[in-house]
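Chain by chain, the residues:
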Amino acid sequence: MEEAPLEAGALVAGRYRVEAPLGEGGMARIYRATDTHLDRPVALKVMRLVAAAHAARFEREARAAAGLRHPSVVRVFDFGVLDDGRPYLVLEFIEGRTLHQVITEEGPLGGRAALDLLRPIVGALAEVHAAGVIHRDLKPENLMLQPAPGLTALVRLLDFGIAAVDPLSTDERLTRTGAVFGTPAFMSPEQALGKGVTPASDVWAVGATLQCLVTGAPPFAADSPPEILVEVIRSAPAPLPDDVPGAVRGLIELCLQKDPAARPADGAALLARWPTAPRPVPPPVGVCPAGRRRPRAARRRRTTRRPSARRAARRSWPRPRWRRPWRRPPRR
Ligand SMILES: Nc1ncnc2c1ncn2[C@@H]1O[C@H](COP(=O)(O)OP(=O)(O)O)[C@@H](O)[C@H]1O
Ligand SMILES: [Mg+2]
């Protein structure tokens, strides 16, 4: 039986006032709400079906996510059960769009941008895995791009709804209809086969997400979810266009190894392989930033050594040589 959606204005737990629906996933409806005690916006995630197994999983989501401190992981504020038995989570409200919406509306991202956006998520996974949690449903729809003035874009990891706290736990792997949990297009072969998932399964999902961000489509596609699962298990991923940079190509290939043992073992191992952003190259010695002249003393000084590129790079910017305290040479 389908439960009625919460009405705008409804007060949950005498504290959270429902404002408007935000989204719907397979397991839950998400509402924008206001925490009337603290007068701040929150996201209220209410489970759809009341079933003991689902409720237990939902509670596990609360505990899994609440224990994490990484700034890219969405904060969990509260957990409770509605009068009709439906469990709910109160989450930090993220003002923004999912990466799925971003690429649908604006087209695929460039390779460098995709690497930079996903880097903190790989860092978050390192923490998630260190805490003994496996996300199991990493995909562009579960990543939100949050505008943050003064910062480069902030990406937040959502939805620990099917996270496995115990890597060997297989109790909730199959639904009543026999479907495997997760999203087929981003699911690792071991997950698709119903074998136990490991942190390397999240590493696969990072590769699938990276490919989706740079090409606009996940690496495996077919007409129906079961056919996608067959593709994931048997076929090679969709080839990448020629203009995808080598670093991105290499990472995608590394993450999409069918054998989990051939992938980086977890978030920390993947982070170690993730390319860092190129650092800005400091200007060579004696070259003034645009619009500024060297001080008079420095202008008069004769350059005896030609600045080598390596020496210039070692010198810390913004303190080029000509700004160091200059001492007048002793009079003869
Ligand atoms: N904390 C949040 N802030 C803002 N929007 C959210 C938040 N959590 C979820 N949403 C929206 O709701 C959608 C589904 O949420 P999600 O947690 O992924 O649910 P499901 O487990 O049903 O997939 C997301 O794609 C996003 O658009
Ligand atoms: Mg989701």
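Residues numbered from 1 in each chain as written. Chains lettered and ligands numbered in written order. Predicted model: local features only at pLDDT ≥ 70, side-chain atom pairs only at ≥ 80, totals over all residues.

**Q** Any chance you could explain the overall build of the chain here in plain terms?
**A** Regarding its fold elements, the chain presents ten helices and nine strands. When burial is assessed residue by residue, the chain has 35% of its 332 residues classed as buried. Considering only contacts in the chain between residues 6 or more positions apart, those separated by 24 or more positions represent 63%. (Helix = DSSP H or I, 4+ residues; strand = E, 2+ residues; numbered from the N terminus. Buried ≥ 20, exposed ≤ 12 C-beta atoms within 10 Å, placed from the backbone. Contact = placed C-beta atoms within 7 Å.)

**Q** Any chance you could explain the sheet that holds strand β2 (residues 16-24) here in plain terms?
**A** By way of backbone hydrogen bonds, the strands of a sheet pair with one another, either parallel or antiparallel. Taken in spatial order, the six strands line up as β1-β2-β3-β4-β6-β5 in an open sheet, and their pairing is antiparallel. At either margin of the open sheet sits one strand with a lone partner, and together these are β1 (11-12) and β5 (76-81). (Pairing = 2+ DSSP bridges.)

**Q** Explain the packing of helix α5 (residues 199-215) against helix α7 (residues 246-255) here, please?
**A** Describing two packed helices takes the angle between their axes plus the distance from one axis to the other. Packing of α5 against α7 leaves a shortest axis separation of 8 Å and a crossing angle of 140 degrees. Handedness of the crossing formed by α5 with α7: left-handed. Taking contact as the criterion, the partners of Val203, Trp204, Val206, Gly207, Leu210, Gln211 and Val214 in α5 are, on α7, Val248, Leu251, Ile252 and Cys255. For the contact of α5 with α7, the per-class residue count stands at nine nonpolar, two polar and no charged. (Axes fitted to C-alpha atoms, helices over the stretch in contact; angles between N-to-C directions. Left-handed = near helix turned anticlockwise from the far one by under 90°. Nonpolar A, V, L, I, M, F, W, Y, C, P; charged D, E, K, R; others polar.)

**Q** I would appreciate a short explanation of the pairing of β2 in the present structure.
**A** Successive residues of a regular strand alternate their side chains across the two faces of the sheet. Pairing of β1 with β2 involves two bridges; the strand directions are antiparallel. Bridge pairing links Val12 to Tyr16 in β2. Between β1 and β2, which pair antiparallel one after the other, the connecting turn spans three residues, and Ala13 there sits at a positive phi close to 55 degrees. Hairpin connection, β2 to strand β3 (residues 28-35): the antiparallel pair is bridged by three residues.

**Q** What exactly am I supposed to notice about the confidence of the model for the chain here?
**A** For residues with low pLDDT, the predicted coordinates do not support detailed interpretation. Taken over all residues, the pLDDT of the chain has a mean of 83, while the share at 70 or more is 77%. For the stretch residues 166-179, pLDDT sits under 50, and the model shows 15 contacts to residues farther than four places along the chain or on other chains. (pLDDT = per-residue confidence, 0-100.)

**Q** Explain the site of ligand 1 to me, please; I cannot follow it from the model alone.
**A** The environment of ligand 1 is made up of 20 residues, and the closest members are Gly23, Gly25, Ala43, Ile94 and Asp159. If you list the elements that add at least two residues to the shell around ligand 1, you get β2, β3, β4 (40-47) and β6 (87-92). Of the residues contributing to the shell around ligand 1, the split by class is ten nonpolar, six polar and four charged. (Near = placed C-beta within 6 Å.)

**Q** Help me out: how do you make sense of helix α2 (residues 99-106) in this one?
**A** Note: α-helices contain 3.6 residues per turn, so residues at a spacing of three or four share the same orientation. Turning to α2, its buried residues are Leu99, Val102 and Ile103. Along the axis of α2, the buried residues cluster in a sector spanning 90 degrees; they form a single face. Of the exposed residues in α2, the ones pointing more than 90 degrees away from its buried face are Thr104 and Glu105. Buried residues belonging to α2 abut β7 (97-98), β8 (143-146) and α5. Of the residues one or two after α2, Gly107 is the one with positive phi, at around 85 degrees. (Arc of directions from axis to C-beta.)

**Q** Sorry, what's going on with the pairing of β3 here?
**A** Here β2 pairs with β3 via seven bridges, running antiparallel. Across the sheet, residue Val18 finds its bridge partner in β3, namely Ala33. Of the strand pairs in this sheet, β3 and β4 are connected by eight bridges, and their pairing is antiparallel. Note on β4: the bridge partner recorded for Ala33 is Val42. In this antiparallel pair of consecutive strands, β3 and β4, the connection spans four residues, and Asp39 shows a positive phi of 50 degrees.

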